[in-house]
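Now for the letters of each chain:
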Amino acid sequence: MTSTTKNPPALTGEEMYDMIMERIEPDLTTKMLPQLDALYSYETPEQRAAREEWYTKVFAQFEIEYARFANGMKNYYTNIRKKALSMVRAVKEDAEKVSTTSIEESIQNS
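Residues numbered from 1 in each chain as written. Predicted model: local features only at pLDDT ≥ 70, side-chain atom pairs only at ≥ 80, totals over all residues. Heavy atoms only, no water.

Take the overall build of the chain next. Each helix and strand counted, the chain has three helices and zero strands in total. Mapped from its N terminus to its C terminus, the chain presents α and β elements in the order α-α-α. Considering the chain as a whole, with its 110 residues, one finds that 16% of them fall into the buried category. Sequence-distant contacts in the chain: of pairs separated by 6 or more residues, those separated by 24 or more amount to 49%. For the chain, the exposed area adds up to about 9,400 Å²; of that, 59% sits on carbon and sulfur atoms. (Helix = DSSP H or I, 4+ residues; strand = E, 2+ residues; numbered from the N terminus. Buried < 20%, exposed > 50% of the residue type's maximum accessible area, 1.4 Å probe, protein only. Contact = heavy atoms within 4.5 Å. Areas by Shrake-Rupley, 256 points an atom, 1.4 Å probe, with all protein chains shown as cover.)

Structure (structure tokens):
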């Protein structure tokens with residue numbers, strides 16, 4: 001029943017973070033973080049403070065989007081699990097019906 005092939009690894013935390021953050025604020029993806037100081041080296045203290053305030057809002061939005069994503073994945077998993085188990089039960093019930101019918105026919109033919 002268990003597959004002998006190795007499953008590809010699940011998304012890493014970094015991949016998950018980047019996937020969501022890319023849509024909100026690309027500056028804050030992991031590939032961009034090391035470049036931010038050079039990218040914004042011209043900023044005045046006021047501009048830097050404004051960017052910090054913006055990033056604070058971005059992280060709040062990220063938390064909302066992450067929760068939405070995680071909830072969606074949980075719902076998806078729950079539905080797939082129910083379908084799979086329902087299919088297994090249906091096959092098992094069909095097999096039991098065939099077996100019962102076969103036994104009844106054998107008894108009647110004896």
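Let's pick the thread back up.
Tallying each qualifying case throughout the model produces three aromatic pairs. When the centroid spacing of 5.1 Å and the interplanar angle of 50° are considered together, the rings of Y17 and F62 count as tilted. Taken together, the residues Y17 in helix α1 (residues 13-24) and F62 in helix α3 (residues 45-109) connect sequence positions 45 residues apart. Residue classification places Y17 among the buried positions, given a relative accessible area of 16%. Here the aromatic rings of Y40 and Y42 are separated by 6.2 Å at their centres, their planes lie at 45°, and the arrangement is tilted. Owing to a relative accessible area of 16%, Y40 belongs among the buried residues under this scheme. Three or more aromatic residues joined by ring pairs form one cluster here, namely Y17, F62 and Y66. (Phe/Tyr/Trp six-rings, centres within 6.5 Å; stacked < 30°, edge-to-face > 60°.)

Here the focus is the pattern of salt bridges. Here the structure, examined in full by the defined rule, presents six salt bridges. Note that R48 and D37 form a salt bridge whose closest N and O atoms lie 3.2 Å from each other. With a gap of eleven residues between them, R48 in helix α3 and D37 in helix α2 (residues 36-39) connect regions that are remote in the sequence. For R51, the salt bridge is made with E43, and the minimal N-O distance between the two is 2.8 Å. (Salt bridge = Lys/Arg side-chain N within 4 Å of Asp/Glu carboxyl O.)

With twelve residues, α1 should reach 16 Å at 1.5 Å per residue; the first-to-last C-alpha distance of 17 Å fits that figure. Listed as buried for α1 are M16, Y17, D18, I20 and M21. (Expected span 1.5 Å × (residues − 1).)

A few words now on the nonpolar core. Among the nonpolar cores identified, the biggest contains ten residues, and these are M16, Y17, I20, M21, L28, L36, Y40, Y55, V58 and F62. Of all the secondary-structure elements, those providing two or more residues to this core are α1 and α3. With four residues, α1 is the largest single contributor of residues to this core. Setting aside its immediate chain neighbours within four residues, Y17 contacts L28, T29, T30, F59 and F62. (Core = buried A, V, L, I, M, F, W, Y, C linked by side-chain atoms within 4.5 Å.)

Everything listed here is a matter of coordinates, which is why it stays silent on function.
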